[in-house]
Amino acid sequence: RLVTLGLEQRAKVNIKVRQPLSKLTIQNTDLGEEYLALIKDEVNVKTVAGDEAMKDEVVLDTTVTEDLRKEGVVRDVIRAIQELRKTAGLTVGDRVTLVLESDEKAKELIHAFIHDIKKVTLVTGIEYGHVPEATPLVIDEFTFKLGFKK
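Starting from 1, residues in each chain are numbered consecutively following that chain's sequence as written. Totals for whole chains, interfaces and linings use every residue, but because this is a predicted model, local features are given only for residues with pLDDT of at least 70 and side-chain atom pairs only at 80 or more, for both listing and counting. The side-chain values count all of the structure's non-hydrogen atoms but skip hydrogen atoms and water molecules.

**Considerations on the environment of Asp56**
Stage number 1. Counting from the N terminus, the helices are DSSP H or I runs at least four residues long and the strands are E runs at least two residues long. You can see Asp56 is positioned in the loop between strand E2 (45-50) and strand E3 (58-61).
Stage number 2. Sequence separation between Asp56 and Gly72 is 16 residues; the distance between their C-alpha atoms is 27 Å.

Set out below in structure tokens:
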């Protein structure tokens with residue numbers, strides 16, 4: 001129920017679940033760590049705090065800081081890489097290098113999250129270069145073209 005309420009609050013302000021948020025405050029303070037971790041993961045928040053004095057059952061902090069926004073952009077890039085792997089017929093065992101075409105600002109963003117991207121997408125490395133056959137991926141002010149090299 002707490003997850004549903006948290007997700008409903010996201011939907012009311014039109015924030016997708018892939019966009020991380022900083023905090024969900026819940027009225028129930030008697031939940032174990034495993035439940036708090038599950039809620040944190042499902043609602044995609046950095047912390048879950050308890051406050052028995054709250055009037056509402058859950059309160060979601062919907063402030064998207066610049067750092068959280070960038071993390072959300074990277075999650076969208078990761079989703080696009082995973083979709084590209086699937087489209088290319090790659091399996092979990094296939095190790096490839098991601099070839100990325102973007103401007104400097106986008107390269108800086110990717111560099112800041114390179115370990116997360118490599119871990120989740122199973123790419124062995126990231127090279128910057130021309131990807132003529134790729135469709136541009138535009139997320140906020142960032143534009144990427146993605147491809148693979150075996």
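**Remarks on the packing of helix H1 (residues 2-12) against helix H2 (residues 33-43)**
The axes of two packed helices give the description: the angle between them and the distance between them.
Stage number 1. Here an angle of 0 to 180 degrees is reported between the N-to-C directions of two axes, which are lines fitted to C-alpha atoms, with helices fitted over the stretch in contact. Where H1 meets H2, the closest approach of the two axes is 10 Å, and the angle between their N-to-C directions is 25°. On the basis of the axis angle, H1 is roughly parallel to H2. Crossing of H1 against H2: the hand is right-handed. Of the residues in H2, those in contact with Leu2, Val3, Gly6, Leu7 and Arg10 of H1 are Ile39, Glu42 and Val43.
Stage number 2. Split into classes, the residues belonging to the contact of H1 with H2 amount to 5 nonpolar, 1 polar and 2 charged. Working definition: roughly parallel below 35 degrees, roughly antiparallel above 145 degrees, roughly perpendicular at 65 to 115 degrees, and oblique for all remaining angles. Crossing handedness follows the turn of the near helix against the far one: under a right angle anticlockwise gives a left-handed crossing, and clockwise gives a right-handed one. Any two residues whose heavy atoms approach within 4.5 Å at even a single point are treated as in contact. Gly is placed with the polar residues, together with every amino acid not listed as nonpolar (Ala, Val, Leu, Ile, Met, Phe, Trp, Tyr, Cys and Pro) or charged (Asp, Glu, Lys and Arg).

**Focus: the packing of aromatic side chains**
Stage number 1. Pairing of aromatic side chains requires ring centres within 6.5 Å, counting the rings of Phe and Tyr and the six-membered ring of Trp. Pairs whose planes differ by under 30 degrees are stacked, by over 60 edge-to-face, and all others tilted. The tally for this structure, following the rule as stated, stands at 1 aromatic pair.
Stage number 2. With centroids separated by 6.3 Å and ring planes inclined at 25°, the aromatic side chains of Phe142 and Phe144 adopt a geometry described as stacked.
Stage number 3. Overall, Phe142 belongs to the buried group, its relative accessible area being 1%.
Stage number 4. With a 1.4 Å probe rolled over the protein chains alone, any residue whose accessible area is under 20% of its type maximum counts as buried; one over 50% counts as exposed, and the rest are partly exposed. Under the relative-accessibility criterion, Phe144 is labelled buried at 0%.

**Some remarks on H1**
Stage number 1. Among the residues of H1, Leu2, Leu5, Gly6 and Arg10 are the ones counted as buried. Here the buried residues of H1 occupy an arc of 145° about the axis, which is enough to place them on one side. Seen from the buried face of H1, the exposed residues on the opposite side, beyond 90 degrees, are Ala11 and Lys12.
Stage number 2. Of the residues flanking the end of H1, it is Asn14, one or two places downstream, whose phi is positive at about 60°. As used here, the arc belongs to the directions running from the helix axis to the C-beta atoms.

**Examining unusual backbone geometry**
Negative phi characterises most residues that are not glycine, and trans characterises most peptide bonds.
Stage number 1. In this model, Asn14 sits at a positive phi of 60°, which is unusual for a non-glycine residue.
Stage number 2. Residue classification places Asn14 among the exposed residues on the basis of a relative accessible area of 71%.
Stage number 3. In this structure, Leu122 takes a positive phi of about 60° despite not being glycine.
Stage number 4. Tracing the backbone through its elements, the reader meets Leu122 in the loop between helix H5 (114-121) and strand E5 (123-128).

**Some remarks on the sheet that holds strand E6 (residues 137-139)**
Stage number 1. Across the sheet, 4 strands lie side by side as E5-E4-E7-E6; this open sheet has mixed pairing. Both edges of this open sheet fall to E5 and E6, since each of them pairs with a single strand only. Mean inter-strand twist for the sheet, computed between neighbouring axes without regard to direction, equals 30°.
Stage number 2. Where E6 and strand E7 (residues 142-149) come together, 3 bridges link them in antiparallel fashion. From the neighbouring strand, Ile139 faces E7, where its bridge partner is Phe142.
Stage number 3. On the sheet, helix H4 (residues 104-112) packs against strand E4 (96-102), E5 and E7 and is oriented at approximately 65° with respect to E7. Pairs of strands are assigned from DSSP output, requiring at least two bridges between the strands.

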